[in-house]
Amino acid sequence: MTSVATSAHDAPELSPGSDLSSIAHNPARIPILYVILSVLLVISIVPMYFYSAQVEAINRDRLKTNEMLLQNTVTRSLADDLSQHERSLRMMLANLSSAIQVASGGDIGSKNIEAPELRALLENFVSSSDELAYATLLNSDAKGISAGRIVPDAFLQRELQHAYDAARDGRAYNGQALQIEDGRFSRTVVLVSAPVSYGGRFLGMLGAVVDLQFLIRRLHDVSNGGLIPYVVDAQGRLVASGTAQYVTGQDMKNLEIVRNFVDEGNKAQLAATKEFAVKTERNSVEMLGTYSPVMSLDWAVIVQKPQLEAYRGVYEMQRTARLLALMAVLLSITVSIFAARRITKPLHILTQSSRALARGDFSQRVHLWSRTEIGELADTFNTMSQELEHFVEDLKRAAEENRALFLGSIQMLAGAVDEKDPYTRGHSDRVTRYSLLIGREMKLAPSFLETLQISAQLHDVGKIGIEDHILKKPGALNAEEFEVMKTHTTKGANILRPVTQLGEMLPGIELHHEALDGRGYPYGLQGEQIPLLARIIAVADTFDALTTNRPYQQAHTPEEAFKIIQNLAGKRLDPVVVAALIAVYARGEIRIQRFSIKRPVIADAAAASASNPSTAAPVLGPATLERTRV
């Protein structure tokens, strides 16, 4: 159907009439076959992907919501159950307190505390519920009676003391969860107490030790559903758990969800669901958990579940969707390969030729015969290549001419400035040369060096706007004249600012008289506030000023100039730039030519000194450089 050949003068391995399809595969390009296949796959798979992703996201959100609702329901139910138990116990204690007051006639002192009626009331109270393990009645002298199935140990005795202290203050007391006895007889208990008073007078304390076995059974039932339930107090210590994984009294604040409850404190009034991580010795398990506060006890019921289990349905759905997607991809690839091979061979040739054209090889030609529109495309490609080749050559030639004209114009402008000041003739050219040598020594980018060249060439263009009587004055400037001379930096920047293409060069023109110590002009910038462009030109400018004859000074030798410049390094001049200039000079890349002026320097300086001592030319140093016309 097609006949293919190509020719290119810059590809020696090819000859006219060679078959481009025999060229070795270039891994840097993508064959058109793959492009067509990719399009077909994108058209068939992307919609399905977005649909499946949307379905997965919806189902994941629903499942997460359902899991949160489940956890919220479980924790809320347990919290309400605990609150109800606490209210019931408080009511029982209140009833018992009333009965004790009636039976004792409001007197449970040392004479009446041992009364059989009071003991009978206490024993009946304990036997009325399997949840009550122990009860005690203490009078105002901390003496009393007790009844129950357990004997208080040291920890429970301490809790009783805390409860008694709270009762004396008129407060009810909810103690810490304690583990009593050992082995299969071990029990988790908690002390609940209330003050006994009559007519506003403190009579004693009534305390009950509650066996939390009912709570542990509820937690155990919840754990059979895949959740990990437990209860913590306000300090984050474990009260009870449905598994043997945790122990009563254990500090649980290493879990983020427990820390959240503890941090909330009394503000934790509503259930909250969190995603958090549980770190083990080997790995970290992502969890989903919910806590519901028990306000009356300052406890929280918490349930948690590994996210892998909570979101199992989503993960299974994702695996199924990916399997179906893979099957669809394989089917699409099979169909696409069969269809794409019919059109890819000529497109393969055109693609190679187009890439050669994109690389700048406008001599590339394609010899392709085809009965389809691809044959016409090949002829159009060859015509376009020929026209582009001529057009690019013309552009390159015009660009070189424009660049030469641009640089020449800049050099002429700088030369015009130098001609205006006969004492600094050639100054701009020398500063430009020194600046470029410094920039290359500092290994700056070629684009930066190009900017540096233009900026250095035009750094004194503002002197066009300085009056001749100041610019050509054959001596040092006085303070008023020096203030006028300083305006040449901003004048130069303002002259060139309308030229958009020179925007990058303006910092070197406007700021080359700034000093690192902030004593420069026009803005008094310091250190890194001064652009590198201006710091380089400043060093080159200073070096040329020191090594050329001026009406107010004799030229210094390069060695003398470097001593002065080194003294200025870190104060006025950038020490890195100074080091680069010294390195360039040490290699012999700088040659100093002596330039004479029409009037003797010493005589002029002496005359200026005699007429105006303030303008005498001293030995050049940092202070003198501030008044030199560079």
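These figures come from a predicted structure and were not determined experimentally.

Trainee: Looking at this structure, how should I read the packing of helix α10 (residues 446-457) against helix α15 (residues 532-546)?
Mentor: For any two helices packed against each other, one specifies the inter-axial angle together with the distance between the axes. Where α10 meets α15, the closest approach of the two axes is 10 Å, and the angle between their N-to-C directions is 55°. One finds that α10 runs oblique with respect to α15. Judged by the sense of rotation from one axis to the other, the crossing of α10 with α15 is right-handed. Where α10 approaches α15, its residues Phe448, Thr451, Leu452, Ser455 and Ala456 are matched on the opposing element by Leu532, Leu533, Ile536 and Ile537. Its residues assigned to classes, the contact of α10 with α15 comprises seven nonpolar, two polar and no charged.

Trainee: What is the right way to read the packing of helix α9 (residues 427-441) against helix α17 (residues 575-586) from this model?
Mentor: Put simply, α9 and α17 touch, their axes get as near as 9 Å, and they point 100° apart. Taken as axis vectors, α9 and α17 run roughly perpendicular relative to one another. Judged by residue contacts, Leu437, Ile438 and Glu441 of α9 engage Val577, Ala580, Leu581, Ala583 and Val584 from α17. Of the residues that constitute the contact of α9 with α17, the class distribution is seven nonpolar, no polar and one charged.

Trainee: Just checking my understanding: could you explain the nonpolar core for this structure?
Mentor: Counting residues in hydrophobic clusters, the biggest one holds 42 residues, and the most contacted among them are Leu82, Phe125, Leu137 and Trp299. Here this core gets eight residues from one element, more than from any other, and that element is helix α1 (residues 32-104). Phe125 has contacts with Leu89, Met92, Leu93, Leu96, Leu132, Ala135 and Ala208, leaving out every residue within four places of it along the chain. The next biggest cluster of nonpolar side chains, apart from the first, holds 28 residues, and it includes Val431, Leu436, Ile536 and Ala580.

Trainee: What is the right way to read the pattern of salt bridges from this model?
Mentor: Where charged atoms from two side chains of opposite charge approach closely, those side chains can pair. Enumeration according to the criterion identifies 17 salt bridges in this entry. Note that Arg90 and Glu86 form a salt bridge whose closest N and O atoms lie 3.0 Å from each other. Remark: Glu86 and Arg90 occur in helix α1; sequence separation between them is four residues, near one turn of the helix. Both residues of the pair, Arg90 and Glu86, belong to the buried class. As a salt-bridge pair, Lys253 and Asp251 come within 3.1 Å of each other at their nearest N and O atoms. For Asp251, a relative accessible area of 43% gives the class partly exposed. Three or more residues are tied together by salt bridges with common partners; here these are Glu441, Arg587 and Glu589.

Trainee: Please clarify how the sheet that holds strand β8 (residues 228-232) should be interpreted in this entry.
Mentor: Note on sheets: strands pair through backbone hydrogen bonds, and any given pair is parallel or antiparallel. Taken in spatial order, the five strands of this open sheet run β9-β8-β12-β11-β10, and their pairing is antiparallel. What marks the edges here is a single partner per strand, and that holds for β9 (238-241) and β10 (272-279). Between one strand and the next, the sheet's axes are offset by a mean angle of 30°, whatever the strand orientation. Where β10 lies against strand β11 (residues 284-294), eight bridges are found, and the strand directions are antiparallel. Residue Lys274 lies in a different strand from β11, and its bridge partner there is Gly289.

Trainee: Which parts of the structure should I look at to understand empty space enclosed by the protein?
Mentor: The final tally for this structure, using the stated rule, is two cavities of 30 Å³ or more. Forming the walls of the second largest cavity are Glu514, Leu516, Ile530, Arg535, Ala538, Arg572, Leu573 and Asp574.

Trainee: So what exactly am I meant to see when it comes to the packing of aromatic side chains here?
Mentor: What describes a pair of aromatic rings is the distance from one ring centre to the other and the angle between the planes of the rings. As enumerated under the stated definition, the model contains seven aromatic pairs in all. With centroids separated by 6.2 Å and ring planes inclined at 70°, the aromatic side chains of Tyr164 and Phe202 adopt a geometry described as edge-to-face. Taken as a pair, Tyr164 in helix α3 (residues 154-168) and Phe202 in strand β7 (residues 201-211) lie far apart in primary sequence, 38 residues in all. We classify Phe202 as partly exposed; its relative accessible area is 23%. Grouping aromatic residues by their ring pairs yields a cluster made of Tyr434, Phe543, Phe562 and Tyr585.

Trainee: What exactly am I supposed to notice about the confidence of the model for the protein chain here?
Mentor: Any residue range with low pLDDT should be treated as having predicted coordinates unsuitable for detailed reading. For the protein chain, the average pLDDT comes to 79, and 81% of its residues sit at 70 or higher. Within the protein chain, no element has a lower average pLDDT than helix α18 (residues 601-611), which sits at 36, and none a higher one than α17, at 94. Ignoring residues within four places in sequence, the model shows residues 1-25, a span with pLDDT below 50, making 49 contacts including any to other chains. Here residues 595-624 scores under 50 on pLDDT; set against residues more than four positions off or in separate chains, the count is 36 contacts.

Trainee: Help me out: how do you make sense of the pairing of strand β6 (residues 187-198) in this one?
Mentor: Strand residues, when the strand is regular, have side chains that alternate between the two faces of the sheet. Where strand β4 (residues 173-174) and β6 come together, two bridges link them in antiparallel fashion. The residue bridging Asn174 from the neighbouring strand is Val192, located in β6. Note that strand β5 (residues 178-180) and β6 share three bridges and pair antiparallel. Within β6, the residue paired with Leu178 across the bridge is Val189. Note that β6 and β7 share ten bridges and pair antiparallel. By the bridge assignment for β7, Val190 is matched with Val210. Taking the residues that link successive antiparallel strands as the turn, the β6-β7 hairpin has two residues, and the phi of Gly199 there is positive, at about 60°.

Trainee: Can you walk me through a nonpolar patch on the surface in this structure?
Mentor: Together, Leu323, Leu324, Leu326, Met327 and Leu330 line one region of the surface with nonpolar side chains, adding up to about 510 Å² of accessible area. Position of Met327 relative to the elements: it lies in helix α7 (residues 312-358).

About the thresholds
Residues numbered from 1 in each chain as written. Predicted model: local features only at pLDDT ≥ 70, side-chain atom pairs only at ≥ 80, totals over all residues. Heavy atoms only, no water. Axes fitted to C-alpha atoms, helices over the stretch in contact; angles between N-to-C directions. Helix = DSSP H or I, 4+ residues; strand = E, 2+ residues; numbered from the N terminus. Parallel < 35°, antiparallel > 145°, perpendicular 65-115°, else oblique. Left-handed = near helix turned anticlockwise from the far one by under 90°. Contact = heavy atoms within 4.5 Å. Nonpolar A, V, L, I, M, F, W, Y, C, P; charged D, E, K, R; others polar. Core = buried A, V, L, I, M, F, W, Y, C linked by side-chain atoms within 4.5 Å. Buried < 20%, exposed > 50% of the residue type's maximum accessible area, 1.4 Å probe, protein only. Salt bridge = Lys/Arg side-chain N within 4 Å of Asp/Glu carboxyl O. Pairing = 2+ DSSP bridges. 1 Å grid on protein atoms, 1.4 Å probe; cavity = no way out; pocket = protein on both sides within 12 Å on 5 of 7 lines; lining within 4 Å. Points joined across faces, edges and corners; volume = space filled by probe spheres on them. Phe/Tyr/Trp six-rings, centres within 6.5 Å; stacked < 30°, edge-to-face > 60°. pLDDT = per-residue confidence, 0-100. Patch = residues over 30% accessible without salt bridge, like charges linked within 9 Å, V, L, I, M, F, W, Y side chains within 5 Å. Areas by Shrake-Rupley, 256 points an atom, 1.4 Å probe, with all protein chains shown as cover.

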